Amino acid sequence: MPSMEFIIGDPVVHPQYGVGQVVKLSDREFEPGMLRRYYEVAIPGSTVWVPMDLSISGLRKLTGRSGIARCRKILESPPSPLSEDARYRQSELAARIKEGTITAQCEVVRDLYAHGEHRSLNGTIGTFYKAAREVLCQEWAAVEGVTLVEAAQEIDTLLERSRHALKGLKT
């Protein structure tokens, strides 16, 4: 992922914590003897400090409307099958989310949604799905200028189309 610099006031997306705004640049020492430069990102109800070394953080600018248009196509397309091995599946999905792209976020949400049709999305995988979906809904709402509920409804409608597209392929 290319290095990106943000300035105070920039709206950003963290792949695990969602939509926020850069409020400060600061030097912090979270590990003894390791002073690093961080973006302080205000997200609803919390603050996240993100290392300015963006190659490991996944922090990115909010997508544009064209990104949401790509998401619509991804969410209604047939899902990719997930590994039967729970540990491998979790590791693979976490790596995809860490890519820090809205495309990866959409693919993970779509694939987990389809996975949930055949298996329960409880425990760790259910929590992971809910978090990934919530981040996607937040960004969708911010870009489209709609409420979280409206964003979630559109995303769910697209996911149902994906599920039906998959059934159509199997018949």
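Use the structure listed above.
Read on for a plain summary of the structure. (Residues numbered from 1 in each chain as written. Predicted model: local features only at pLDDT ≥ 70, side-chain atom pairs only at ≥ 80, totals over all residues. Heavy atoms only, no water.)

## Topic: the overall build of the chain
Worth spelling out the cut-off: For the purposes of this entry, the term helix denotes a DSSP run of H or I that reaches at least four residues, the term strand denotes a run of E that reaches at least two, and both are numbered from the N terminus. All radius of gyration figures rest on C-alpha atoms, and the globule criterion is 2.2 Å times the number of residues raised to 0.38. Three labels apply to residues, based on accessible area from a 1.4 Å probe with only protein chains included: buried if under 20% of the type maximum, exposed if over 50%, partly exposed otherwise in between. By the convention used here, residues are in contact when the closest approach between their heavy atoms is within 4.5 Å. Computed with a 1.4 Å probe, the accessible areas rest on the Shrake-Rupley method; for each residue, only the protein chains presented here act as cover.
Within the chain, the regular secondary structure consists of 5 helices and 5 strands. Going from the N terminus to the C terminus, the chain shows its helices and strands as β-β-β-β-β-α-α-α-α-α. Against the compact-globule benchmark of 16 Å for 171 residues, the chain has a radius of gyration of 17 Å, which places it among compact chains. Reported as C-alpha extents along the three principal axes, the dimensions of the chain are approximately 60 × 35 × 30 Å. Counting only residues that meet the buried cut, the chain has 42% of its 171 residues in that class. When contacts within the chain are restricted to residue pairs at least 6 apart in sequence, those whose partners lie at least 24 apart make up 55%. Within the structure as shown, the chain displays about 9,200 Å² of accessible surface, and the carbon and sulfur contribution to it stands at 54%.

## Quick notes on the packing of aromatic side chains
As a reminder, the rule being used: Each pair of aromatic rings taken from Phe, Tyr and Trp, with Trp reduced to its six-membered ring, is defined by centres within 6.5 Å and is described as stacked if the planes are under 30 degrees apart, edge-to-face if over 60, and tilted in the remaining cases.
Considering all chains together, one arrives at 3 aromatic pairs under this definition. Consider the rings of Phe 6 and Tyr 39, whose centres lie 5.3 Å apart with planes at 75°: the pair is edge-to-face. In this pair, Phe 6 sits in the segment before β1 (11-14) while Tyr 39 sits in strand β3 (residues 34-43), placing the two residues 33 residues apart along the sequence. Note on accessibility: Phe 6 and Tyr 39 belong to one class, buried. Their ring planes at 85° and their centres at 5.0 Å tell us that Phe 30 and Tyr 38 sit as a pair that is edge-to-face. Note on Phe 30: relative accessible area 44%, which makes it partly exposed.

## What about the environment of Ser 83?
Inspection of the secondary structure puts Ser 83 in the loop between α1 (65-76) and α2 (86-98). The spatial distance from the C-alpha of Ser 83 to the C-alpha of Ile 97 is 16 Å, given a sequence separation of 14 residues. If near-sequence neighbours (up to four positions away) are discounted, Ser 83 is found in contact with Tyr 88, Arg 89 and Glu 92.

## A closer look at the nonpolar core
Applicable threshold: Among buried residues, those of type Ala, Val, Leu, Ile, Met, Phe, Trp, Tyr and Cys that are joined through side-chain atoms within 4.5 Å constitute a nonpolar core.
Core analysis: the largest hydrophobic core is formed by 27 residues, its most contacted members being Leu 75, Leu 112, Leu 136 and Trp 140. Put simply, the parts of the chain that give this core at least two residues each are α1, α2, α3 (102-118), α4 (123-144) and α5 (148-170). Beyond its immediate chain neighbours, meaning those up to four positions away, Leu 75 contacts Cys 106, Arg 110, Leu 136, Trp 140, Ile 155, Leu 158, Leu 159 and Ser 162. In this structure, Val 41, Val 48, Val 50 and Leu 59 belong to the second largest nonpolar core, which totals 9 residues.

## Topic: the pattern of salt bridges
The following threshold applies: A carboxyl oxygen of Asp or Glu within 4 Å of a side-chain nitrogen of Lys or Arg is what we treat as a salt bridge.
Scanning the entire structure with this criterion turns up 10 salt bridges. Residue Arg 161 pairs with Glu 76 through a salt bridge whose shortest N-O separation is 3.0 Å. Note that Arg 161 is positioned in helix α5 and Glu 76 in helix α1, a separation of 85 residues in sequence. Classification of Arg 161 by relative accessible area gives partly exposed; the value is 45%. Linking Arg 163 and Glu 160 is a salt bridge whose minimum nitrogen-to-oxygen distance equals 3.6 Å. Of this pair, Arg 163 and Glu 160 both sit in helix α5, 3 residues apart, roughly one helical turn. Each member of the salt-bridge network shares a partner with another, and the members are Arg 65, Arg 72, Glu 144 and Glu 154.

## Structural notes on the pairing of β1
Worth spelling out the cut-off: What makes two strands pair is DSSP finding at least two bridges between them.
Taken together, the 4 bridges between β1 and strand β2 (residues 18-31) define a ladder with antiparallel strand orientation. Bridge pairing in β2 places His 14 opposite Gly 18. Counting the residues between successive antiparallel strands, the hairpin from β1 to β2 contains 3 residues. Bridge count for β1 against strand β5 (residues 60-61) is 2 bridges, and the pairing is antiparallel. Within the sheet, the bridge partner assigned to Val 13 lies in β5 and is Arg 60.

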